[in-house]
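Take a look at the letters that make up each chain.
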Amino acid sequence: MTRWWRLGVGLVLLALLAWLGPQFMPDYFVRVLIVMAVNVVLVSSLGLSNGFTGVFSLGHVGFVALGAYSSAILTLALDKKLAYLPDLLGWLAQIQLGFLPATLIAGLLCALVGLIVGAPLMRLNGNYVSVATLGFLIIVNVVLVNAESFTRGARTFTGIDTSTTLPWALGWMVLTLLILSRVAYSPFGRAMRATREDLIAAQGIGIRVLPTRLMAFIIGAFFAGVGGALYAHYLGSFSPATFYFALMVTQLAMLVVGGQGSLTGAAVGVVLVTLLSEVLRNLERGFSLGSLTLPPLYGVSQIVLGMVFILVMVYRPSGLLGDRELQLVDSSKASQGASPEQEAV
Amino acid sequence: MTGFEYLFQQLVNALSVGSLYALIAVGLSLIFGILRLSNFAHGDMMMIGAFATVLLTTSGLSFLLACLLGIAVAALAGVIIERVAYRPVRGAPDVTMLLTSLALTFILENLGILLFTASPRNFPLPDWMTKLWSLFDGRVTFTNINVLSVGLTLVSLLFLTWFMRRTTVGLGMRAAAEDLGAAQLVGVRVNRVIVVAFMLASAFAGLAGVLWAAQAGVVDPLMGFTPLLKAFVAAIIGGLGSLPGAVLGGYLLGALEVLIVAFLPPEVSPYRDAIVFGLLIGFLLLRPGGLLNVTREVKL
């Protein structure tokens, strides 16, 4: 039996799901699956940059917003650009890219911004890095609201093709997880975890902390941008408020529930939290059970999510999986170069 | 309008908004100093204080009594969140406590939306609060709300100074801020000290919430979010954990915001918040201990 067979089976199953799912499943389930896959991209990259390095950034959603807006501007049809964004810069107004190149450019743009922002910020530790990166998120939000000629300001940015189909979402999810697990379980990944466990000891054995953290931050930013592009082309319309505090807390909850030090954990957290939110969202619309009628209670799902978040912090701060991974590729002695891969669906 | 009077009017505005930042930041810094907790839910104590005041006033209580009770409700809310959410994670890594407070503020804000809807409500003000004062033939104007904001902030800060210096619990707080474990060893009743710290900080936030709502004229469930972040900036400018630093930072930030709007070209003023948070990042990098240089290991 080759060591790749489990990964192969997983990929074939996912491909079947991507191909057959939309034909046989109700639209609602397909949409939930797409959201899950996009969130796995976002949360696992958050896990790599935050959980594996221990540098807890709250600015991830800032990159998601940048990715969403930049990809949306790139793919918007020319006539819609004229209608919605009449003041766009000349060359931006005249190009229309395909979904894939726009997604890649969004990711690269975010990686570049990540380099610029991260180079100074990754020097900070603990609470300070969290507050500073939250500052970055707010700056992104202020700029998006005010750069009206690019973003329509606080109004809804609309008219984007909903190109994020199930195969796209699942494809990017698999690619993201493969790349991230390659990174996380390489010597470089071990350096990341060493700096998390003990900064001084890591420096003592010659790990250069700043470049290590910065690289993790940039990789996280790239996939946040990619995920943002996927999210934008799933939603079709959004505003700066879509990518703000509420999304940040939801993604942190997903990561924390699953386990901050594990990519499998990130994926498990996404699945659990998404399922919980969907169930509660259906309940909060109000329902009647026999003579008992429950009025609609909008916001209950958020409150329950927040409570789950706190319970996890109190009783299981390392999350469901801690730093354990589901291994789809056998990482026994024979395959020391190979990193453990994992999927979850 | 002559230059001097324009400057004077801006000074009035700066003092008025800076007082509120100082009032919020000092509570934030008090709690951070003891627990190393970045209490994001602190802003929601403002919201709770202001909403309690609105509800009590509309139920027929006199305005002043409603304000006092509203502030008491905020203080009580602070004690409850400490007991329910923060005590179980006390001593956990900084990030765990920070995440807990983020989750808490998410809960409180959504609870506010669920109970009161997201749309703003009028904050009922008695006439004497909005009485307009004018100097220099009406070229410099301010209301009693501005006077109260500055006056009550100063009174609160003087009270806090007295409390920290002259009472046993205050002494305990200073000891706990120095070293929580050592304070416990020498017999400081840490739980009581922390409860009182939350009570004081939340009462200050409640007062700030009432004044903020009076200045804005409305309350809404998310009203605490932006002031809290600004107070964070103020506390970091002064040196997170230092009470005088938080006050200094609050007034400096108020002055800076007014300066940006008053003296820079109008195209810049929408970017005010971005500039403020840019400043925060600059401070963290160049002088992480703040102006008063609270020495803590924060930077690589």
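Residues numbered from 1 in each chain as written. Chains lettered and ligands numbered in written order. Predicted model: local features only at pLDDT ≥ 70, side-chain atom pairs only at ≥ 80, totals over all residues. Heavy atoms only, no water.

As recorded in an unreviewed UniProt entry, chain B goes by Branched-chain amino acid ABC transporter permease and comes from Deinococcus psychrotolerans. Of the comments in the UniProt record for chain B, the one headed Sequence similarities (unreviewed entry) reads "Belongs to the binding-protein-dependent transport system permease family. LivHM subfamily." Quoted verbatim from the Subcellular location (unreviewed entry) field of UniProt, the annotation for chain B is "Cell membrane". (UniProt positions renumbered as here; feature names shortened; annotations may be inferred.)

Engineer: How do you make sense of unusual backbone geometry when you look at a structure like this?
Structural biologist: Of all residues except glycine, most have a negative phi; of all peptide bonds, most are trans. A positive phi is found at A:Arg152, a non-glycine position, where the angle reads about 60°. Inspection of the secondary structure assignment puts A:Arg152 in the loop between α8 (148-151) and α9 (166-184). (Helix = DSSP H or I, 4+ residues; strand = E, 2+ residues; numbered from the N terminus.)

Engineer: How should I be thinking about the interface of chain A and chain B in this particular structure?
Structural biologist: One widely used convention gives an interface's size as the accessible area the parts lose upon coming together. Residue-level contacts link 50 residues of chain A with 44 residues of chain B. The three residues of chain A that bury the most area against chain B are A:Asn127, A:Tyr128 and A:Phe245, which together make up 19% of that side's buried surface. Viewed at the interface, chain B and chain A are joined by 0 salt bridges. Our count for the chain A to chain B interface comes out at 3 residue pairs in polar contact (both at pLDDT 80 or more). Counting residues per element, the ones that place at least two in the side of chain A that touches chain B are α6 (99-121), α7 (126-146), α11 (199-204), α12 (209-235), α13 (245-258) and α15 (300-315) of chain A. The element contributing the most residues to the side of chain A that touches chain B is α7(A), with 13 residues. (Contact = heavy atoms within 4.5 Å. Buried area = accessible area lost by both parts, 1.4 Å probe. Salt bridge = Lys/Arg side-chain N within 4 Å of Asp/Glu carboxyl O. Polar contact = N/O pair within 3.5 Å; in protein donor to acceptor, adjacent residues only side chain to side chain.)

Engineer: Mind showing me how you'd approach the pairing of strand β2 (residues 132-135) of chain B here?
Structural biologist: Side-chain direction in a regular strand flips from residue to residue, so the side chains alternate between the two faces of the sheet. Residue and element names in this part refer to chain B. The pairing of β2 with strand β3 (residues 140-143) spans 4 bridges and is classified as antiparallel. Bridging from a neighbouring strand, Leu135 pairs with Val140 of β3. A loop of 4 residues connects β2 with β3, the two strands running antiparallel in sequence, and Phe136 in this loop sits at a positive phi of about 50°. (Pairing = 2+ DSSP bridges.)

Engineer: I tried to follow α15(A) on my own but got confused; where do I start?
Structural biologist: An α-helix turns once per 3.6 residues; consequently, residues spaced three or four apart project the same way. Taking 1.5 Å as the rise per residue, α15(A) with 16 residues should run 22 Å; its terminal C-alpha atoms sit 22 Å apart, in good agreement. Within the sequence span of α15(A), burial applies to A:Ser301, A:Ile303, A:Leu305, A:Gly306, A:Phe309, A:Ile310, A:Val312 and A:Met313. Tucked into the core, α15(A) has its buried residues touching α13 and α14 (263-284) of chain A together with α3 (63-86) and α4 (94-116) of chain B. (Expected span 1.5 Å × (residues − 1). Buried < 20%, exposed > 50% of the residue type's maximum accessible area, 1.4 Å probe, protein only.)

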